[in-house]
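Notes for the structure review
Chain by chain, the residues run as shown.
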Amino acid sequence: MQHSIGTPTPGTAPDLPPAALAPRAERQARADWLITELVRLAAQADDPDDRARFRRTADSLVRLSSALGS
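One structure accompanies this document, and this report is about it. (Residues numbered from 1 in each chain as written. Predicted model: local features only at pLDDT ≥ 70, side-chain atom pairs only at ≥ 80, totals over all residues. Heavy atoms only, no water.)

**Some words on the overall build of the protein**
For the protein, the helix and strand inventory stands at 2 helices and 0 strands. Within the span of the protein, comprising 70 residues, buried residues form 27% of the whole. Of all intrachain contacts in the protein linking residues separated by at least 6 positions in sequence, the fraction that spans at least 24 positions is 46%. (Helix = DSSP H or I, 4+ residues; strand = E, 2+ residues; numbered from the N terminus. Buried < 20%, exposed > 50% of the residue type's maximum accessible area, 1.4 Å probe, protein only. Contact = heavy atoms within 4.5 Å.)

So this is what it looks like as structure tokens:
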């Protein structure tokens, strides 16, 4: 799921109203948004160590989200 690069309201995905989401869907939307932001930060980072750290964190979140079945 792709999200805009705006700043979201804490605890919500920018394009998904929290009242319209089931708890599982809301968690997945948050994870998707966070993954998107980490990838964006990796692409913008000047330091290669920062790029790698952001990418590893995004990869870990993808694996965790998949393992939890969200």
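Now that the structure is up, let's keep going.
**As for helix H1 (residues 23-44)**
Here H1 contains 22 residues, and its C-alpha end-to-end distance of 32 Å stays within 8% of the 32 Å for a straight helix at 1.5 Å per residue. Those residues of H1 that are buried are in contact with helix H2 (48-68). (Expected span 1.5 Å × (residues − 1).)

**Some thoughts on the packing of H1 against H2**
In the contact formed by H1 and H2, the axes pass within 8 Å of each other and the chain directions differ by 160°. On the basis of the axis angle, H1 is roughly antiparallel to H2. Classified by chirality, the crossing of H2 by H1 is left-handed. Here H1 contributes Arg24, Gln28, Ala31, Leu34, Ile35, Leu38, Val39, Leu41 and Ala42 to the contact with H2, which in turn contributes Arg51, Phe54, Arg55, Thr57, Ala58, Leu61, Val62, Ser65 and Leu68. A class-by-class count of the residues in the contact of H1 with H2 yields 12 nonpolar, 3 polar and 3 charged. (Axes fitted to C-alpha atoms, helices over the stretch in contact; angles between N-to-C directions. Parallel < 35°, antiparallel > 145°, perpendicular 65-115°, else oblique. Left-handed = near helix turned anticlockwise from the far one by under 90°. Nonpolar A, V, L, I, M, F, W, Y, C, P; charged D, E, K, R; others polar.)

**A word on the side chain of Asp32**
For Asp32, the location among the structural elements is in helix H1. The charged side chain of Asp32 is buried without a salt bridge, its nearest counter-charge being Arg30 at 11 Å. Among the polar contacts listed, one links the side chain of Asp32 to the side chain of Gln28, at a separation of 2.7 Å. (Lys, Arg positive; Asp, Glu negative; His and termini not counted. Salt bridge = Lys/Arg side-chain N within 4 Å of Asp/Glu carboxyl O. Polar contact = N/O pair within 3.5 Å; in protein donor to acceptor, adjacent residues only side chain to side chain.)

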